[in-house]
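Each chain, letter by letter, is given below.
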Amino acid sequence: MSAENEKFPKQHIVGFLGSLVLTLAAAWAVVGSGLPTHWIIISIMVMAVVQAFIQLFMFMHLTEKNGSIQVGNMLHAFFIAAVIIAGSVWTMSFGFSHNHSDNGGGGEEMQMEEQEHNH
Amino acid sequence: MMDFLLNEFLVTGDPLIYGAMVSIVLVSIAIVFVLTYFRKWGYLWREWLTTVDHKKIGIMYIIAAIAMLFRGGVDAMLMRAQLTLPNTEFLNSQHYNEIFTTHGTIMIIFMAMPFLIGLMNFVVPLQIGARDVAFPFLNAVSFWSFAFGAMLFNLSFVIGGSPDAGWTNYAPLAGPNLNPGPAINYYLLGLQISGIGTLATGINFMVTILKMRAPGMTLMRMPIFTWSSLITSFIITFAFPILTVALALMTIDRIFGSQFFTLTGEGMPMMWANLFWLWGHPEVYIVILPAFGIFSEVISTFARKQLFGYKAMVWSMLLIAGLSFLVWVHHFFTMGAGAGVNSLFSVTTMLISVPTGVKIFNWLGTMYKGKIRFDTPMLWSLGFIPCFVIGGVTGVMLAMAAADYQYHNTYFLVAHFHNVLIAGTVFGCFAGLTFWYPKMFGHKMNEKLGKISFWFFVIGFNVCFLPMYFLGFMGMPRRTYAIEPEWMPLNVVSTVGAVLMAIGFIVFVYNIYYSFRYSEREKTGDTWDGRALEWATTTPVPFYNFATVPEITGPEAFWKMKQEGGTTYDKDNLEPIHMPSDSGVPFIMSAFMFVAGFGLVWEWMVVAIAGLIGILACMVVRSFDYDHGFHVSVEEIKETEEKAREGEK
Amino acid sequence: MSGHSELTTGPLEYRSHEDRMTVLGFWLFLGAEIALFATLFATYAVLFGRTADAPTPQELFEMPMALTMTFLLLTSSFTCGIAIHEMRRGSLKGLLTWLIITLALGLGFLGFEIYEFVHYAHEGATLQSSAYWSSFFVLTGTHGAHVTLGICWAVLLIIQLKKRGLNQMTARKTFVLGLYWHFLDVIWIFLFTSVYLIGMVV
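On a predicted model such as this, the values are computed, not experimentally measured, just so you know.

Summarizing the sequence annotation, UniProt attributes the feature "transmembrane region" (unreviewed entry) to residues 39–62 and 74–96 of chain A in the numbering used throughout. Strand forms 0% of residues 39–62 of chain A and helix 88%; the C-alpha atoms that close the span are 31 Å apart.

Here the focus is the domain arrangement of chain A. Each assigned domain of chain A is listed with its residue range as follows: domain 1 (8–59) and domain 2 (65–90). The gap between the C-alpha centroids of domain 1 of chain A and domain 2 of chain A is 20 Å.

Another point: the nonpolar core. Most often, soluble globular proteins have nonpolar side chains that are buried together. Grouped together as the largest cluster of nonpolar side chains are 317 residues, with contacts concentrated most on Phe427(B), Trp133(C) and Phe136(C). When residues of this core are assigned to their parent elements, the largest contribution, 21 residues, is made by helix α5 (residues 93–128) of chain B. For Trp133(C), the contacting residues outside a window of four places in its chain are Thr51(C), Ala54(C), Pro55(C), Thr56(C), Pro57(C), Leu60(C), Phe61(C), Tyr120(C), Ala125(C) and Thr126(C). Formed by 8 residues, the second largest nonpolar core is a distinct cluster that contains Ala547(B), Tyr569(B), Leu574(B) and Ile637(B).

The subject of this paragraph is helix α12 (residues 376–399) of chain B. Taking 1.5 Å as the rise per residue, α12(B) with 24 residues should run 34 Å; its terminal C-alpha atoms sit 34 Å apart, in good agreement. Of all the bends found along α12(B), the most pronounced is centred on Ile385(B) and spans about 30 degrees, while Pro386(B), a proline, follows it within four residues.

So, on to the side chain of Thr349(B). Residue and element names in this part refer to chain B. Within the element layout of this structure, Thr349 appears in helix α11 (residues 339–367). A polar contact is formed between the side chain of Thr349 and the side chain of His330, at a distance of 2.8 Å. Beyond its immediate chain neighbours, meaning those up to four positions away, Thr349 contacts Val327, His330 and Ala399.

Next up on the list: a nonpolar patch on the surface. Taken together, Leu35(A), Trp39(A), Ile42(A), Val46(A) and Val50(A) make up a surface patch of nonpolar side chains, about 460 Å² in accessible area. For Trp39(A), the location among the structural elements is in helix α2 (residues 37–59).

Residues and elements named next belong to chain B. Overall, the coordinates contain 93 aromatic pairs over all chains when judged by the stated rule. Aromatic pair Phe427 and Phe461: ring centres 5.6 Å apart, planes at 65 degrees, arrangement edge-to-face. Taken together, the residues span a long stretch of sequence, with Phe427 in helix α14 (residues 411–441) and Phe461 in helix α15 (residues 447–473) at a distance of 34 residues. Here Phe461 falls in the buried class, since its relative accessible area comes to 0%. Directly above the aromatic system of Trp559 lies the positively charged group of Arg531, at a separation of 4.0 Å from the ring centroid. Above the plane of the ring of Phe137 lies Arg622, whose end atom (NZ or CZ) is 3.7 Å from the centre.

This brings us to the UniProt feature "domain: Cytochrome oxidase subunit I profile" (unreviewed entry) in chain B. According to UniProt, the positions carrying the feature "domain: Cytochrome oxidase subunit I profile" (unreviewed entry) are residues 39–553 of chain B. Along residues 39–553 of chain B, the helical share is 69% and the strand share 0%, with 49 Å between the first and last C-alpha atoms.

Once that is clear, we can look at the interface of chain A and chain C. Across the boundary between the two partners, chain A contributes 55 residues, which contact 54 residues of chain C. Together chain A and chain C conceal approximately 4800 Å² of surface at their shared face, both sides included; 76% is due to carbon and sulfur atoms. The largest per-residue losses of area from chain A upon contact with chain C belong to Phe16(A), Met60(A) and Lys65(A), which jointly make up 12% of the total buried on that side. Of the charged contacts in the structure, one is a salt bridge between Arg88(C) and Glu64(A), with a shortest N-O distance of 2.6 Å. Where chain A packs against chain C, one counts 4 residue pairs in polar contact (both at pLDDT 80 or more). At the level of secondary structure, the elements contributing two or more residues to the side of chain A that touches chain C comprise α1 (10–31), α2 and α3 (67–92) of chain A.

Calculation criteria
- Sequence order as written defines residue numbering, which begins from 1 separately in each chain.
- Chains and ligands are labelled sequentially in the order written, the chains with letters from A and the ligands with numbers from 1.
- Given that this is a predicted model, residues contribute local features only at a pLDDT of at least 70 and side-chain atom pairs are listed and counted only at 80 or more, while totals for whole chains, interfaces and linings are drawn from all residues.
- For the side-chain quantities, the full set of heavy atoms in the structure was used; hydrogens and water were omitted.
- UniProt positions are given in the numbering used here, feature names are shortened, and annotations may be inferred rather than shown by experiment.
- In this text, helices come from DSSP runs of H or I with a minimum length of four residues, and strands from runs of E with a minimum of two, each type numbered from the N-terminal end.
- Segmentation of the chain into domains, including their bounds, is taken from an automatic or database domain assignment.
- Working definition of a nonpolar core: buried Ala, Val, Leu, Ile, Met, Phe, Trp, Tyr and Cys residues. They are joined through side-chain atoms within 4.5 Å.
- Exposure categories follow from relative accessible area, calculated using a 1.4 Å probe and restricted to protein chains: below 20% of the type maximum is buried, above 50% is exposed, and the middle band is partly exposed.
- Throughout, a residue-residue contact means that at least one pair of heavy atoms, one from each residue, lies within 4.5 Å.
- Multiplying one less than the number of residues by 1.5 Å gives the expected span of a helix.
- A residue's bend is given by the angle between axes fitted to the 7 residues ending at it and the 7 residues starting at it.
- What qualifies as a polar contact is a pair of N or O atoms within 3.5 Å, subject to a donor-acceptor requirement within protein and to the restriction that residues adjacent in sequence count only when both atoms come from side chains.
- What makes a patch is a set of residues exposed beyond 30% relative accessible area and free of salt bridges, joined within 9 Å when like-charged and within 5 Å when nonpolar (Val, Leu, Ile, Met, Phe, Trp, Tyr).
- Only the protein chains shown count as cover for residues, and all accessible areas are computed by the Shrake-Rupley method using a 1.4 Å probe.
- By definition, a salt bridge exists where a carboxyl oxygen of Asp or Glu is found within 4 Å of a side-chain nitrogen of Lys or Arg.
- Here the aromatic set is Phe, Tyr and Trp, taking the six-membered ring for Trp, and pairing holds for ring centres within 6.5 Å; pairs whose planes are under 30 degrees apart are stacked, those over 60 apart are edge-to-face, and all others are tilted.
- In this scheme, Lys NZ or Arg CZ marks a charge over a ring once it lies within 6 Å of the ring centre and within 35 degrees of the ring normal.
- Summed over both partners, buried area is the accessible surface (1.4 Å probe) that two parts give up on being assembled.

This is the structure we're talking about:
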């Protein structure tokens, strides 16, 4: 607890700077990196997860008091979130063709592939 | 104005509904009259409407659930009456649609869940040696939001018209274009309001069980019903937000014109089915796991043996909880998501039968070489095993995606889920209620009447639902209001079964009255030679539950205490007990939720906003409330305990 | 409840058993909130691209706007952390100052969000225009509603802190508010990434 009584909130500042860097890096990845789309998506999602953990551990004191229950609960929440999102996208990605698509007549296979790239 | 009142607001034109209106008015007048005549308004407000005592809240849940079981049961009887013979004109198709919708919704949301949550409320704090739940105020909010949500839903029946798109409420049928008017809004708002309460219950019980156990009661020393409640709460906490969102999205579709589940604007109707079942499948386990817990307690008590395979039981429940979130697509295999999707969900579904099978063998193992007593709670538990296994086996049949294309939407499915939900949940509720009844009300339910009601119900249940499997094979579709002549014989059999079940239910309810009048009062707290801590308290249980909380040194806390001479009244170690204060805020806040919901149902935004402001005002009042509760003095504890324990000597 | 030890040292908000249970309960509630937002994200992902006749997100999303909102909320989360830090040092004045800064940043964020919604509506993208835009407005709107609620809650707490000073109960309430506020930033990180950034590349 001694760290808490310091005047200078070191952990918070490190966390804040880390978040700023990650946010800018993600923005740069989109605007200026020129990477293939799916690599951009993977990299910015990874950076988002890292930022979320910064908040949870450095700002929110996740490990205090009932640490093991709280960490377990959060991990499970992330697992459920992944199931809901990935499961829904996978289950519902069939046979959709919207107006703006150039390959509207490209058949279901193409569409499914495109949907996967989208997300 | 009159025109609106007669054509839209009130449901008119059906003699059955006129009858219901008259009876609702008469019953309401009778209640007001009785309360006024006996000057019970103050008593009602002080002792019940404002209470935060988990035992009273549990009892209110159970009373409400039995009332809802009656309403849902009447719906069921109406359906059976319509389906007995071909060309029946008893109900028209619209009325039939409304009846099967309200039957399903009420039985799942307003009967099964509150019944089990009621039992959890009453029993769990007693089983872990706690004096109340972790957040007693929140617990009252949970109950009252359920009660007002249920009231809102049931109101649809006479005001505005009942929802008619099935309990699954699929889009686009339930969307604004195909189903204008307030009916579906009642479904959405009624479920939304009670769902908020359920979510709060989940969080409340998780904290209660994790943090308020008696000293020495490790997780692996907890009674199995408490374990099942913990796991159920865990599922509730993660599943109910999904329902909240799904309901909200459809509400916004209907009231504010968004395009989530519509056919226009590139909306996606099947996304509703996806979200509904993402919640809906975990929901199935929410209503079955506590029942498993009850059966485990009852079988162990009446076989007079420690539960066989306690650890396997716990792990199998955890596994079921984990898998429950991974199987939802099996409810809509026929959507045609493709071979990959259907195969995966087929496999995960079949996997669930493994931990469930483990539990069946644990119950059988518990009875093996036990000295079994055949009291009513045990009969319900014994009846459960074979009936539930039939439901489980047909469930595995349905799990095969390719075969499901044949079974889907037929009476085979109807028979399957009634076989698991009635044999599992309803038998579980009856077993639990008769088991803990003496602890709640100070007297047993009459054994003879209990057995009569059991045999009527169980025989009726099988006569009613077994023919439905064959009707399914014969091609009888689900949710049809007219049968073909060749389906008649089996439908007649099925209706006879339903009548037997109704008789069983009536006997059960009569038993409550009969036992209240004539049953011998309990002299000790330990009616059944019990094994868990709830039986260590006196009957009736003092409002603070335990004068002193015993130190737990092993599993089956009370069984050990009986051998070693422990007590929950250690005269020399009494300390003042801190208890929470009662509060009227939960009741008032939930009443405002009702107002807001009613406003949204009719799209009267002024009313809705007024209700919302009321809810927020209650939250502000609560935020500024620094009431720390009160302390019960040592003298008062002594006096209460001495009086309660007189009979024991 | 008696029988559970009351602590005399350590952060104020953890001193009594009830306070510790409240904090744990709130963490469990945040787990439920993750499931809630995940469902909204899933809906957004499934309906992605379904813009019908309305403009596409590429046409409307702008990096400067999204970045400004992100920095406002990120900074507010940081200042909120400092407020709790000050609280643990026992400084009521520090707590109140940083809490009010947090509030101001939150209000700034809300202002931008409202401006953004009005702007999109002006360009022809509304809640009603297509499945994609329905899911966009409900997802970001739910987050915005959470921020609004957080601001109202913080105002109530500031009044209570002024009236009662720092004690076990106000400390616990403030700590829980802090958790809520940080959590809103966690959600925003994912909103920024999967709605705005991905909306700009795909």
